[in-house]
Every structure is written in structure tokens, then in C-alpha cells.
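Analysis of the macromolecular model
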Amino acid sequence: MSGDDGAADASADAASDEDAGSDASEEATGSDAGDAPTVRVRGIYTTALTRLFEDAGLSVVQASPPIRDRFDDAFAVAPAGAEVATTDDRQGVGVVGDSAAVAAALDAARGVGTDALAWRDPTPRGAVYAGEVTETLGSGAVVALGSGATENDAETDSLPPVAGTDPEGFLPYSKTAAHVEEGDRLRVQVEEPAAPWSDGRPVLDTTVRVQAGLATLVRGTSPDSNGPELADLLPVDPPEGWGTDWDRAADDADLDALGDALDGVAHRAAALDSAFDDAPAPEEAAPYCYWPGEATVWVWFGRESRFGLDEHRRDVTATMPGHHRTKAATNAASAAVDFVEAVCPDAGTGGEADFPFDAVTRQFGPMEGDSVRIDHGKPDGRMFSLGSGEVTRRDADGTVVVEREMSGRGTYDALGVEQQAGDVAVTKLTEGKWWYPTVYRGDDGEKRGTYVNVCTPVEVFPSAVRYVDLHVDVVKHADGRVERVDDDELDAAVDAGHVPEALAEKARSVAGAVENAL
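A brief report on the enclosed structure follows. (Residues numbered from 1 in each chain as written. Predicted model: local features only at pLDDT ≥ 70, side-chain atom pairs only at ≥ 80, totals over all residues. Heavy atoms only, no water.)

**Examining helix H11 (residues 501-517)**
- Between its first and last C-alpha, H11 extends 24 Å over 17 residues, near the 24 Å set by a 1.5 Å rise per residue.
- Listed as buried for H11 are Leu503, Ala504, Ala507, Arg508, Val510, Ala511, Gly512 and Val514.
- For H11, the elements touching its buried residues are strand E5 (116-120), strand E22 (435-441), strand E23 (447-455), strand E25 (464-477), strand E26 (482-485) and helix H10 (487-495). (Helix = DSSP H or I, 4+ residues; strand = E, 2+ residues; numbered from the N terminus. Expected span 1.5 Å × (residues − 1). Buried < 20%, exposed > 50% of the residue type's maximum accessible area, 1.4 Å probe, protein only. Contact = heavy atoms within 4.5 Å.)

**Description of the sheet that holds strand E3 (residues 82-86)**
- Reading across the sheet, the six strands line up as E2-E1-E3-E4-E15-E5 and stay open at both edges, with mixed pairing between neighbours. Edge positions in the sheet fall to strand E2 (59-60) and E5, since each has one partner strand and no second.
- Relative to strand E15 (residues 295-301), E5 is paired through five bridges, and the arrangement is antiparallel. Each bridged residue has a counterpart across the sheet, and for Ala116 the counterpart in E15 is Phe301.
- Packing of helix H1 (residues 46-55) onto the sheet brings it into contact with strand E1 (38-42), E2, E3, strand E4 (92-97) and E15, and relative to E1 it is tilted by some 165°. (Pairing = 2+ DSSP bridges. Axes fitted to C-alpha atoms, helices over the stretch in contact; angles between N-to-C directions.)

**Considerations on a negative patch on the surface**
- On the surface, a cluster of negative charge is made up of Glu368, Asp370, Glu390, Glu403 and Glu405.
- Looking at where Glu390 falls in the secondary structure, it is placed in strand E17 (residues 383-394). (Patch = residues over 30% accessible without salt bridge, like charges linked within 9 Å, V, L, I, M, F, W, Y side chains within 5 Å. Areas by Shrake-Rupley, 256 points an atom, 1.4 Å probe, with all protein chains shown as cover. Salt bridge = Lys/Arg side-chain N within 4 Å of Asp/Glu carboxyl O. Lys, Arg positive; Asp, Glu negative; His and termini not counted. Charge placed at Lys NZ, Arg CZ, Asp CG, Glu CD.)

**Here we look at a nonpolar patch on the surface**
- The grouping of Leu230, Leu233 and Leu255 at the surface amounts to a nonpolar patch, some 250 Å² of accessible area in total.
- Topologically, Leu230 is positioned in the loop between strand E12 (215-219) and strand E13 (242-246).

**Quick notes on unusual backbone geometry**
- Between Ala286 and Pro287 the backbone carries a cis peptide bond, its omega angle lying at -5°.
- As for its placement among the helices and strands, Pro287 is situated in the loop between helix H5 (282-285) and strand E14 (288-291).
- For the peptide bond that leads from Gly365 to Pro366, omega is 5°, which places it in the cis range.
- Tracing the chain through its elements places Pro366 in the loop between helix H9 (357-364) and strand E16 (371-377).
- Of note in the backbone geometry, Arg90 takes a positive phi value of approximately 70° without being a glycine.

**Concerning the packing of H10 against H11**
- Where H10 meets H11, the closest approach of the two axes is 10 Å, and the angle between their N-to-C directions is 170°. If you check the angle between H10 and H11, you find them roughly antiparallel. Across the interface between the two elements, Asp487, Leu490, Asp491 and Val494 of H10 pack against Glu501, Ala504, Ala507 and Arg508 of H11. (Parallel < 35°, antiparallel > 145°, perpendicular 65-115°, else oblique.)

**A short note on the nonpolar core**
- Membership of the largest hydrophobic core comes to 37 residues, with the highest contact counts inside it found for Leu49, Phe53 and Phe301.
- No other element matches helix H3 (residues 99-109), which puts six residues into this core.
- With residues near it in sequence (within four places) discarded, Leu49 still touches Val41, Val84, Val93, Phe301 and Leu309.
- Of all hydrophobic cores here, the second largest spans 29 residues; its members include Val77, Ala231, Ala249 and Leu262. (Core = buried A, V, L, I, M, F, W, Y, C linked by side-chain atoms within 4.5 Å.)

**Considerations on the pattern of salt bridges**
- For the structure shown, the criterion picks out 28 salt bridges.
- With a closest N to O distance of 3.4 Å, Glu341 and Arg313 form a salt bridge. Placement of the pair is Glu341 in helix H8 (residues 331-343) and Arg313 in helix H6 (residues 303-314), with a sequence separation of 28 residues. Each of the two residues, Glu341 as well as Arg313, counts as buried.
- Between Asp380 and Arg382 there is a salt bridge whose closest N-O contact spans 2.8 Å.
- Beyond isolated ion pairs, a larger network of salt bridges with shared partners links Glu83, Arg125, Arg268 and Glu294.

**Topic: the side chain of Asp115**
- Along the polypeptide, Asp115 turns up in the loop between H3 and E5.
- Summary of buried charges: Asp115 has no salt-bridge partner, and the nearest side chain of opposite charge, Arg306, is 7.5 Å away.
- Of the polar contacts made by the side chain of Asp115, one reaches the backbone nitrogen of Arg303; its length is 3.0 Å.
- The contacts of Asp115, once residues within four sequence positions are left out, are Trp300, Phe301, Gly302, Arg303, Glu304, Ser305, Thr456 and Pro457. (Polar contact = N/O pair within 3.5 Å; in protein donor to acceptor, adjacent residues only side chain to side chain.)

**Let's talk about the pairing of E16**
- With five of seven residues buried, E16 is to be regarded as a mostly interior element.
- Across six bridges, the pairing between E16 and E17 is antiparallel. Residue pairing across strands places Ser371 opposite Glu390, the latter belonging to E17.

**Overview of the environment of Asp88**
- In this structure, Asp88 sits in the loop between E3 and E4.
- When the C-alpha atoms of Asp88 and Ala195 are compared, they prove to be 9.1 Å apart, with 107 residues separating the residues in sequence.

**What to know about the pairing of E3**
- Burial within E3 is extensive, with four of its five residues counted as buried.
- Sheet analysis places E1 next to E3, joined by four bridges and oriented parallel. By the bridge assignment, Val41 is partnered in E3 with Val84.
- Two strands pair when backbone bridges link them, and E3 and E4 are joined in this way by five bridges, in the antiparallel orientation. Pairing of Ala82 across the sheet is with Gly97, part of E4.
- In textbook terms, the turn of a hairpin is the stretch between consecutive antiparallel strands, and for E3 and E4 this stretch comprises five residues, one of which, Arg90, has a positive phi near 70°.

Read these as spatial facts, not as claims about activity.
Here it is in C-alpha cells:
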């Protein structure tokens with residue numbers, strides 16, 4: 001679901017057994033989804049989320065063959081009210097669809113752990129804008145979009161707050177027939193949203209589509225004659241000027257499911273035509289939102305949440321300790337987990353305390369001498385790097401020590417000390433802890449202060465250490481004075497809806513314990 005300035009990583013989940021065959025034809029079943037919200041799930045979290053959603057009363061549809069085998073259940077081949085897919089970096093999921101189904105799926109997903117955080121996308125999938133080109137790059141153009149897609153929408157009141165700042169997207173030159181340059185204004189649609197913590201921008205297209213899983217309508221094309229055989233029997237036709245692009249799963253859907261899918265997208269396409277008829281041209285309006293698109297939400301799974309997902313998966317099949325924590329690291333690690341569980345099903349026991357940190361890091365890193373980033377997540381969904389450093393120590397109990405050379409510019413937050421050339425930051429990060437300290441020293445070895453970040457449980461991945469900062473921190477000045485800072489920023493994040501109250505209380509408790517210990 002994510003996009004970037006180049007090409008999306010289409011193979012991010014290819015190593016997952018849960019995604020294997022995800023686009024294969026589905027078997028027709030005699031069941032239907034009923035009145036429950038329907039959801040389609042793909043990616044490394046599929047088994048756990050399928051169990052979670054079913055327990056929450058949602059109806060999982062279009063299940064992949066491995067999931068049908070694993071659950072020994074009949075899943076309807078029906079339109080999905082919401083689609084849930086693992087992000088390219090495996091850190092969470094994107095949820096897209098109608099507001100009610102997205103809200104139901106989100107409510108269940110956020111319940112897996114205290115550190116599951118969620119944000120609404122400011123550029124939802126399918127949103128159509130009059131955008132203005134602000135920059136041209138080698139493979140495409142950056143387009144400013146405006147913020148109308150998420151404003152004043154009563155249907156999204158149950159969804160989390162919007163992430164990020166002024167929305168913009170990336171238009172590959174291959175997605176437009178016309179030459180574009182800075183200052184051009186044109187109509188674009190969000191084809192592929194991007195997670196707020198990623199480095200990428202949402203991918204745009206000048207071709208307008210309306211999609212609903214089994215069927216997609218494409219504006220300005222001819223009707224598709226290569227659809228499922230039953231399509232010829234449908235009483236519904238696409239609006240004039242729209243062609244139908246059927247998903248391969250439609251080949252095994254029944255007539256009612258096909259009719260529901262086409263009827264749903266046909267109504268939306270007609271409404272979209274009306275929105276264009278009554279709206280100004282892009283040259284006059286940009287930036288402007290013609291159409292708000294589908295509800296689009298991103299869920300970040302922290303370490304505690306991944307172990308919560310393990311428990312749901314363990315109810316269904318053999319699940320090794322730290323299954324999702326290990327799979328979230330790399331494609332190679334994900335494949336290794338599949339192999340272990342296939343040949344050693346008895347390994348699928350245990351819990352968080354049994355996570356084999358030493359074995360996992362020995363195999364996939366980081367090891368002493370490796371370089372790792374410190375990826376600093378923010379409660380509003382953004383993420384930035386604090387820089388890369390060398391691992392100078394790795395302990396089997398889950399601790400790594402990372403040493404970074406500072407730039408010598410600016411000041412150390414809250415310490416009130418100017419950076420100097422030759423300063424070194426020594427950061428001790430321990431897997432699973434809700435805090436970590438950084439000691440700043442001058443080139444003469446003199447301590448310039450200690451900064452303790454309070455955060456969601458630390459995860460030590462092969463190339464980066466990740467967490468979400470929870471604002472409140474504790475500092476120890478060079479003279480020994482201890483100070484707790486930024487409680488007001490945490491309070492503001494709670495008021496904005498970015499940090500749930502239970503998570504905020506945990507952060508305050510941790511900060512208090514650290515303050516007393518220092």
C-alpha cells in the first residue's frame with residue numbers, strides 16, 4: 001500500500017506463507033458475508049488478524065488458499081468493505097475501504113497491544129485532486145494536493161486523527177500522457193497511499209478509477225470483454241464512459257457477489273462524474289479536492305502488539321516465540337520463520353519471554369561492528385532518523401550499544417548544551433524496554449549530559465532500532481541535576497488523539513521511575 005519516488009516494493013511480502021497465492025482464484029462457496037462488516041486480509045499478519053477479526057464479529061472474505069487450509073473454513077468470495085494489507089516495511093498495516101468497515105477493523109486491530117497506534121491518511125486511496133506541480137525529479141513530479149479529502153467528513157468521526165502535514169504526492173511520468181513541469185496544474189488521483197512513517201510519497205495517476213476488490217471501473221475506457229463468464233448475466237452496467245477491470249478472484253464469485261461489486265462501484269463512479277461536472281477546472285482551483293476517496297488508515301504495530309498478534313495466531317497454528325517480531329525484520333527473516341515452523345512445529349510454543357534475541361541477531365544482525373540507524377517515530381505518525389552509528393557492543397540479553405559522532409551544530413534538547421566538534425553520543429538500547437539512555441561526551445571524554453527517551457518498547461532490527469517516542473523524557477545534566485521534561489507535549493498528543501490515554505499513563509509511569517532512579 002505504500003508508494004515512493006521510485007517504484008513501490010512489490011515483493012515486500014513475497015516470502016510470507018500468508019500472502020502466498022493471495023491473487024490466485026478463490027473457490028466459490030455457498031456462504032455469504034451476511035450483515036457483518038467484510039474484510040480482506042493480506043501479508044505477514046494475515047492469520048492473526050483473520051482470527052482477531054472473526055472473534056470481533058467481522059466477516060473475512062476472499063481468503064487466500066493457505067488461510068482457507070489453515071482455518072479449515074469456508075470464506076465467502078464477496079466484495080470487501082475494507083482491505084487490510086501489510087506495509088512494505090512490515091511494520092504495520094494499511095486499512096482501506098468504506099468508513100464503517102474500516103472503523104470496525106481498526107477497532108479490533110488496535111486492541112492487540114498498548115503500543116498499536118493509528119492515523120488517518122491525509123491523501124486517501126482514490127481521492128481526486130486538482131494539484132500543482134512543485135518540483136520535477138528524474139522519474140516523476142512532486143504535486144501539492146491540498147487538504148480537502150479529510151475535512152468535514154462526518155462518516156470518519158470514528159477514525160483516528162489525520163497524520164502528517166500539507167499533503168503532496170508523486171506522479172511518475174509513466175502515469176501521465178502529457179509533459180509536466182513546475183507550475184502545471186492537473187487532475188490526479190491517489191493510486192497508492194504511503195504510510196506516514198515511510199520516506200515515500202503517495203503515488204498519483206492521471207487515470208481515474210473506482211475500485212471495490214472484485215471490480216474496478218476505469219474512467220475513459222471501453223467495457224471489458226474479458227471478465228468472468230457470469231458478468232454477461234449481470235443486470236447492472238457500468239456508467240457511460242467507464243470500463244470494467246475484474247479481479248481474478250471474480251472468476252469464482254457467484255452472480256450475487258459480482259452484481260453487488262459492480263453495483264457499488266457504478267454508484268460511486270456516477271457520483272464522481274457529478275462531482276467533476278459541478279467543479280472548477282484544475283487550472284482555476286488547484287490545490288482542490290474533487291473527491292475524498294476511500295477511508296484510509298494506517299496502523300503501526302509496536303513490539304507489544306506483535307506479541308499480542310502471536311497469541312491470536314497461536315490459537316490457529318504453530319507459532320514460534322517472536323513470530324511477528326522476527327518476520328517484521330527482513331524478507332529473509334520472514335522466510336526463516338516459515339521454515340522453522342514447517343519443519344519444527346513444536347517450536348510454536350512459548351511467549352514474549354522466550355523470544356530468541358541472541359539467535360535472531362546472530363543470524364540477521366546487528367552484530368558488533370555493524371552500522372544501524374535509530375529510527376525515531378513520533379506520535380503523529382511521522383518518523384525520522386536520529387542518525388546511524390556503529391554497534392560497539394551486543395549482549396545476548398537484548399542490549400546493543402550504538403556510538404555516533406555528532407555534527408557539532410545546534411544544541412542538545414533539554415540539556416541546554418551546545419554541540420561541539422568531536423562530541424560522541426553513546427546510546428544503550430535494550431530490546432523490549434520502554435526507555436533508553438544516551439550519554440553525550442566531548443572529545444576529551446568529559447560527560448556533557450544524559451538524555452533518557454521514554455518510548456514504546458524498543459525493537460532492535462538488523463539495520464535499524466525502532467520505537468515511537470512518547471514525548472516525556474528525563475535528562476541528567478553534567479552537574480548531576482535531574483529534570484523531567486515535555487509532559488506538556490505528551491498531554492497535547494493525548495488531546496490531539498495521537499496517544500491513547502492508557503499509553504500516556506504508561507509513559508508517565510516509566511518517566512517517574514527513571515527520574516527516581518537517576
